[in-house]
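One letter stands for each residue in the lines below.
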Amino acid sequence: MTPLGIDAPTPRLTWQLDDTRMGAKQTAYEICVSTDSFETSKGRGLHWQTGKISTDKQLITYKGKSLNPFTRYYWTVRIWDKDGKPTSWSAVSSFETGLMNSSNWKGAWISDSRDIKEKVAPYFRKSFSATKKIKSARAYIAVGGLYELFINGERIGDHRLDPMYTRFDRRILYITHDVTQQLKSGNNAIGVLLGNGWYNHQSTAVWYFHEAPWRMRPAFCMDLRITYEDNSIETISSGKDWKTSHSPVIFNSIYTAEHYDARLEQSGWNKPGFDDSKWKEVIFRSAPSSNIVSQSMHPIRNVETIPAKQINRISDSVYVYDIGRNISGVSQLKIRGKSGTTVRLKHSERLYPNGRADQSNIDVHYRPTDDKDPFQIDIFILKGEGEEIFIPKFNYKGFQFVEVTSDQPIDLSKESLTAYFMHSDVPVAGQINSSNETLNKIWSATNNSYLSNLVGYPTDCPQREKNGWTGDAHIASETGLYSFDGITVYEKWMADHRDEQQSNGVLPSIIPTSGWGYEWGNGPDWTSTIAIIPWNIYLFYGDSKLLADCYDNIKRYVDHINELYPAGLTSWGLGDWVPVKSKSPVEFTSSAYYYTDVLILSKAANLLGKQADAKKYAALSEKIKTAFNAKWLNTTTGIYNNGLQTELSVPLQWGLVPEALKSKVAANLAKRVEADNNHIDVGLLGTKAILNALSENGYADLAYKVASQENFPSWGWWIVNGATTLYENWPIDAKSDISLNHIMFGEIGAWYYKALGGIRPDPSQPGFKNILLEPHFVGGLDRFEARHQSPFGQIVSSWERKGSTIIYKVTVPANSTATLRLPETGKEKLYKEGNELKNIKPATELKLIAGTHLFEWR
Ligand code: BGC
């Protein structure tokens, strides 16, 4: 990564070793940083030269001379290997600072003079002349709302829906673009189109986003900073010398859809030489927030292009497209027709028996005040000149089907419609592959739902709500982190948490929010995000920055619950949401999450050197555990409460069960599951626990049986019925809570890595510095492979049955180690690289060095 426009005064640097030798490791490193790439490549760091530092650490926080804004820094690293030999300097990498401080903005916040009710999106333009030869140029743009930026007619960048959603009155994000290529000496023009996004929410739904305290007509602030060949700097900024006009985007809502009248296009509006004499003056506006920070995260993009799979021509003005899978994103229509022809694109996840789009499962929380803003229906009015292409700019939807209707006969083919899967474009960090096709499909559906619900913040579903539901997100965070490099999105979302937290510690159930959610759904079972996500980031990346950044927030949160519930148990929460049939008491599950938060807080305190806090919260966690077990655990039978699946698995998962009773509780859980016909009977919180509680306590085969069911209720049941995403409810024909693209039941994705691949981070050496390996060669599965891209490189854990032999192959990346806990196989002999290992029993732990290791059980 060579990021552009960062604000961090002390950025974090990391690298990986390119050393496949057995036992490869780093014994020391040296970093140098300078503004001169040539000097850097020679190992001379004018800004930072660490000298040789003897350590195996690969994640280092910059501690050189203080960084200047608007500056590119080049850096390189060399390491000393396991034999103490230095490598040559790495290829030079770089990072570039942005404004670093709000006082460095030169531009003014501007908008047009319309108010929040205005539906048409505004254009802005400015032309200017660049007098000298341009060396480089950067555009810095902060927006309340959404934007598209153009220079000399060319759209800048491929991000979608920038800037990401934040609590706009507390934090506004700016984006940095390298526009060196688009500018030229002589006349230039800048064009900006603004959309509403969550900033000016005009659609009315049950969460009151239209009443957001920050709501305003979109506005922006921009600095175009040009460095000429002679190193002089010129900044072209937003100000009174810009002009504004209506655009053809006649309506845009992030929640519902976009309407576009191509007859209103103004050719060349964003190019030099355009006659803007009829355009209006802009007005100055106050900044939405004084806190303007760099958007440092993987952006949303049109990540996948999906051609339509089927077209159903219902009449000469009604066509229904099936793109073959459920996604978050948009569709693009190519069409010819008479000027003024009005085409509607209705997006749905289901079809009625008559083949028309059925939105009845997703439009239920929408409260339109008239018929002008239909749900998930784009409206395109043709200009009538040749082939026209429509794709919304400021909206996305959740859908598989698009019903295109027109007020005039039109001629469409299958190729006329293309869909784009849009989501935060996080790099892939893991793969699962097995001999069970349904398992592979569940994993892929899990990824589809995870990504459909990652749009700069995690959401519950891309259609009905688009809300940052906290509970859904912490449940899915491990699943996400095994398969995707999500740290930047989570760091941003935790900043959203800090923005939204009340001074008494309370968090809302959806984040960001305009205010809804402080009164409903925000108990510890949901808002434990504040502790669980920083902790998972620590485990997966070995990076404690987020924990440190959120430490006070976790503490205030925990202290608040402690004040409200001094006895240690809390009934604040929603409980085991959307269960198959049985529901456990809310106090049971909420107290388990409260316990988890307190435990994380005490561990974080320890880590951050806050000894008094560490002791205090360790004691509080003990108190909660004692109260929990006193109330719910029958120590004679080893049964919690009524012995439901959730009641037996949640305490096992979160470490509430007294050591001596663990096997008894696990045995009871196994019996319960068998009595439930090896099927789940859990809701959201139970799904997080059930598979892990079984596989971690001696019942991996049973866990696999449950996980691989293909009849109701199960994940496989959705898949065999055609699902390409995970659902919100177990019965496919549920009457309510039946979005077809929810990630909340997605823990199974993480479970594949943890239980079948056996790959886990080691809390005592996080970031997979040491990998805890405990694969389970479960009955009924012949082949399984899990790969995870750890900070040290790719971990591979794969196994296969060949006749009566089980072959297990594992790759431990350079500079990391693994602890392999031998699974129960029922086999007598174990060979490593062909040599028999003597006196080795299940549960024995073997220490593995970096490299690839081959085991065989015969
Ligand atoms: C959302 C869920 C969320 C829940 C909270 C629903 O409407 O879609 O995923 O967690 O509300 O109860």
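This structure is a prediction, so every number in the text was calculated from the model and none was measured.

**Considering the overall build of the chain**
- Looking only at helices and strands, one finds 15 helices and 44 strands in the chain.
- A compact globule built from 858 residues would reach a C-alpha radius of gyration of about 29 Å, and the chain, at 28 Å, matches this within 12%.
- Principal-axis analysis of the C-alpha atoms places the extent of the chain at approximately 85 × 70 × 60 Å.
- Across the 858 residues in the chain, those meeting the buried criterion constitute 62%.
- Nonlocal contacts in the chain, meaning residues at least 24 apart in sequence, comprise 75% of its contacts between residues at least 6 apart.
- Working note: accessible area of the chain is about 31,300 Å², and carbon and sulfur atoms make up 48% of it.
- Within the chain, one finds 96 positive and 94 negative side-chain charges whose respective centroids are separated by 3 Å.

**Some points on the sheet that holds strand 43 (residues 845-848)**
- As summarised here, the arrangement of the 4 strands in space is 35-36-40-43, forming an open sheet in which the pairing is mixed. Here the strands that pair on one side only, and so sit at the sheet edges, are strand 35 (759-761) and strand 43. Taken pair by pair, the neighbouring strands of this sheet meet at an average axis angle of 25°, ignoring direction.
- Bridge count between strand 40 (residues 817-821) and strand 43: 4 bridges; the pairing is antiparallel. Residue pairing across strands places Arg821 opposite Glu845, the latter belonging to strand 43.

**Some remarks on helix 15 (residues 747-756)**
- Extensive coverage of helix 15 is indicated by the burial of 10 of its 10 residues.
- For helix 15, the set of buried residues is Glu747, Ile748, Gly749, Ala750, Trp751, Tyr752, Tyr753, Lys754, Ala755 and Leu756.

**Describing the pattern of salt bridges**
- Applying the stated criterion to the full structure yields 50 salt bridges.
- Across the salt bridge formed by Asp158 and Arg301, the nearest N and O atoms sit 2.9 Å from each other. With Asp158 in the loop between strand 11 (154-155) and strand 12 (172-178) and Arg301 in strand 22 (residues 300-307), the pair connects residues that are 143 residues apart, well separated along the chain.
- For the salt bridge of Glu465 with Arg464, the shortest nitrogen-to-oxygen distance reads 2.9 Å. For the residue pair Glu465 and Arg464, the accessibility class agrees, reading buried in each case.
- Sharing partners across several salt bridges, the network here consists of Asp19, Arg21, Asp81 and Asp83.

**Here we look at the side chain of Asp378**
- Relative to the helices and strands, Asp378 is located in strand 28 (residues 377-381).
- Asp378 gets classed as buried once you look at its relative accessible area, which sits at 0%.
- Here the side chain of Asp378 touches Glu258 through a polar contact of 2.9 Å, landing on its backbone nitrogen.

**Notes on the nonpolar core**
- One finds Val404, Trp715, Trp751 and Tyr752 to be the most contacted residues of the largest nonpolar core, which totals 206 residues.
- Residues in contact with Trp751, not counting those within four places in the same chain, are Leu691, Asn692, Ser695, Ala703, Tyr704, Ala707 and Leu756.

**Looking at the site of the ligand**
- Asp460, Arg464, Glu465, Trp469, Asp472, Trp520, Trp526, Leu574, Trp577, Glu728, His742 and Met744 make up every residue found near the ligand.
- One of the side-chain N or O atoms of Arg464 is found 2.7 Å from an oxygen atom in the ligand.
- At a separation of 3.0 Å, an oxygen atom of the ligand approaches a polar side-chain atom of Trp526.
- Across the complex, the protein chains shield 95% of the 310 Å² of accessible surface that the ligand would expose by itself.
- A breakdown of the residues in the shell around the ligand according to their chemical character gives 6 nonpolar, 1 polar and 5 charged.

**Observations regarding the packing of aromatic side chains**
- Taken as a whole and judged by the stated rule, the model has 53 aromatic pairs.
- Here the aromatic residues Tyr165, Phe168, Trp198, Tyr199, Phe209, Trp214 and Tyr457 are joined through ring pairs into a cluster of three or more.
- Geometry around Tyr396 places Lys466 over its ring, the cationic atom sitting 4.6 Å from the centre.

**Quick notes on the packing of helix 10 (residues 645-653) against helix 11 (residues 662-675)**
- At their nearest, the axes of helix 10 and helix 11 sit 9 Å apart, and the two run at 145° to each other. Handedness of the helix 10/helix 11 crossing: left-handed. On helix 11, the residues that touch Gln645, Leu648, Ser649 and Leu652 of helix 10 are Lys662, Val665, Ala666, Asn668, Leu669, Arg672 and Val673.

Conventions adopted
- Residues numbered from 1 in each chain as written.
- Predicted model: local features only at pLDDT ≥ 70, side-chain atom pairs only at ≥ 80, totals over all residues.
- Heavy atoms only, no water.
- Helix = DSSP H or I, 4+ residues; strand = E, 2+ residues; numbered from the N terminus.
- Rg over C-alpha atoms; globule rule 2.2 N^0.38 Å.
- Buried < 20%, exposed > 50% of the residue type's maximum accessible area, 1.4 Å probe, protein only.
- Contact = heavy atoms within 4.5 Å.
- Areas by Shrake-Rupley, 256 points an atom, 1.4 Å probe, with all protein chains shown as cover.
- Lys, Arg positive; Asp, Glu negative; His and termini not counted.
- Charge placed at Lys NZ, Arg CZ, Asp CG, Glu CD.
- Pairing = 2+ DSSP bridges.
- Axes fitted to C-alpha atoms, helices over the stretch in contact; angles between N-to-C directions.
- Salt bridge = Lys/Arg side-chain N within 4 Å of Asp/Glu carboxyl O.
- Polar contact = N/O pair within 3.5 Å; in protein donor to acceptor, adjacent residues only side chain to side chain.
- Core = buried A, V, L, I, M, F, W, Y, C linked by side-chain atoms within 4.5 Å.
- Near = heavy atom within 4 Å.
- Nonpolar A, V, L, I, M, F, W, Y, C, P; charged D, E, K, R; others polar.
- Phe/Tyr/Trp six-rings, centres within 6.5 Å; stacked < 30°, edge-to-face > 60°.
- Lys NZ or Arg CZ within 6 Å of the ring centre and 35° of its normal.
- Left-handed = near helix turned anticlockwise from the far one by under 90°.

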